[in-house]
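Observations on chain architecture
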Amino acid sequence: MLDLESLFNLSYGMCIVSSKRNGKINGCIVNTVFQLTPEPPVIAISVNKENLTHEYIAKSTVFVVSILAEKTPLEFMGRFGYRSGRDFDKFQKVNYKIGITGPPIVLDNTVGFIEAEVTEAIDVETHTLFIGRVIACQTIDAGETPMTYNYYRDVKGGRTPRTAATYIAKKPETESKQGVKEMQKYRCLMCGYIYDPQAGDPAGGVEPGTAFEDLPDDWICPDCGVGKDEFEPVND
Ligand code: FE
């Protein structure tokens, strides 16, 4: 019995993990941050190897965890989700300050931050487990509540990105009850935006009546900027 959905019962917090390299900064959403020891304070993060932030942490051996508040808008999370920092400056229009070792500390929608230096990196299939000794940490806004992964899914309506371990693919259902083919709607996994072929995306240069499959490969979500492969068919 391998009921993967049972793993959703584990609780996690939603954070932005950031790092630096050669004068550049980048960050991504990570929901697997946990404390290993109290004294000295040591934490661990699990980061997907596909992420640019992974490369930055591996090279610079420093990272910052910014703990997100429940009030964080989905658009803000989409910015740091699986849209790649390779072709987009995620920190543009975001308030941040630079930590002691160089990575950015996010100041918007953040409850607090933890800055750490990597002491060990463990290879785990698609991810790397970075263990880091805490060198600085501070509460930024004590009045805010940290966002859990369950809150993100159940209250905010956020979805699991394709590259996350918990992602389960859905199949399109294009036949209606009458057996007539309908234009399939697609939902953005990061921010919940729904692409409706009837409406198209005029602001993005897509005419009404354009099927999702016919969108250009470089088309991006108008709300959060992720690519087509972060969309799933809407079956409900
Ligand atoms: Fe989106």
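Residues numbered from 1 in each chain as written. Predicted model: local features only at pLDDT ≥ 70, side-chain atom pairs only at ≥ 80, totals over all residues. Heavy atoms only, no water.

**Examining the sheet that holds strand S12 (residues 231-233)**
If you walk across this open sheet you meet the three strands as S11-S10-S12, and the pairing is antiparallel. What marks the edges here is a single partner per strand, and that holds for strand S11 (194-195) and S12. Here two bridges tie strand S10 (residues 186-188) to S11, and the two strands are oriented antiparallel to one another. Bridged to arginine 187 within S11 is isoleucine 194. (Pairing = 2+ DSSP bridges. Helix = DSSP H or I, 4+ residues; strand = E, 2+ residues; numbered from the N terminus.)

**A closer look at the pairing of strand S1 (residues 15-21)**
Counting buried residues in S1 gives five out of seven residues, a clear majority hidden from the surface. Once S1 ends, the chain turns through two residues before running back antiparallel as strand S2 (residues 24-30), passing asparagine 22 with a positive phi of about 50°. In this structure, S1 lies alongside strand S5 (residues 62-68), joined through four bridges in antiparallel fashion. Across the sheet, residue cysteine 15 finds its bridge partner in S5, namely isoleucine 67. (Buried < 20%, exposed > 50% of the residue type's maximum accessible area, 1.4 Å probe, protein only.)

**Some thoughts on the confidence of the model for the chain**
Residues at a pLDDT of 70 or more form 88% of the chain, whose mean pLDDT is 88. Under a pLDDT of 50 for its full length, residues 176-180 has, in the predicted model, three contacts with residues more than four places off or in other chains. (pLDDT = per-residue confidence, 0-100. Contact = heavy atoms within 4.5 Å.)

**Brief notes about a nonpolar patch on the surface**
A cluster of nonpolar side chains, contributed by Leu2, Leu4, Leu7 and Leu10, occupies part of the molecular surface with about 420 Å² of accessible area. You can see leucine 4 is positioned in the segment before S1. (Patch = residues over 30% accessible without salt bridge, like charges linked within 9 Å, V, L, I, M, F, W, Y side chains within 5 Å. Areas by Shrake-Rupley, 256 points an atom, 1.4 Å probe, with all protein chains shown as cover. Salt bridge = Lys/Arg side-chain N within 4 Å of Asp/Glu carboxyl O.)

**A closer look at the sheet that holds strand S4 (residues 42-48)**
Here seven strands make up an open sheet; going across it, the order is S2-S1-S5-S8-S9-S4-S3 and the pairing antiparallel. Of all the strands in the sheet, just S2 and strand S3 (33-37) have a single pairing partner and so form its edges. Pairwise comparison of adjacent strand axes, ignoring direction, gives a mean angle of 35° for this sheet. With respect to the sheet, helix H1 (residues 52-60) is in contact with S1, S2, S4, S5, strand S8 (110-124) and strand S9 (127-139), its orientation differing from that of S1 by roughly 55°. (Axes fitted to C-alpha atoms, helices over the stretch in contact; angles between N-to-C directions.)

**What about unusual backbone geometry?**
One can expect most non-glycine residues to show negative phi and most peptide bonds to be in trans. Cis geometry marks the peptide bond from glutamate 39 to proline 40, where omega comes out at 0°. Here proline 40 is to be found in the loop between S3 and S4. Phi is positive for asparagine 22, close to 50°, though the residue is something other than glycine. Tracing the chain through its elements places asparagine 22 in the loop between S1 and S2. What makes asparagine 22 exposed here is its relative accessible area of 69%. The phi angle at asparagine 109 is positive, at roughly 60°, despite the residue not being glycine. Inspection of the secondary structure puts asparagine 109 in the loop between strand S7 (104-106) and S8. Since its relative accessible area comes to 15%, asparagine 109 is described here as buried.

**Side note on the pattern of salt bridges**
Evaluated as defined, the whole model comprises four salt bridges. Between arginine 21 and glutamate 55 there is a salt bridge, and its shortest N-O distance comes to 3.1 Å. Of this pair, arginine 21 sits in strand S1 while glutamate 55 is found in helix H1, placing the two residues 34 residues apart along the sequence. The exposure class of glutamate 55 is partly exposed, given its relative accessible area of 30%. A salt bridge links glutamate 232 to arginine 187; the nearest nitrogen and oxygen atoms lie 3.5 Å apart. Of this pair, glutamate 232 sits in strand S12 while arginine 187 sits in strand S10, placing them 45 residues apart in sequence. Take arginine 187: its relative accessible area is 9%, and that puts it in the buried class.

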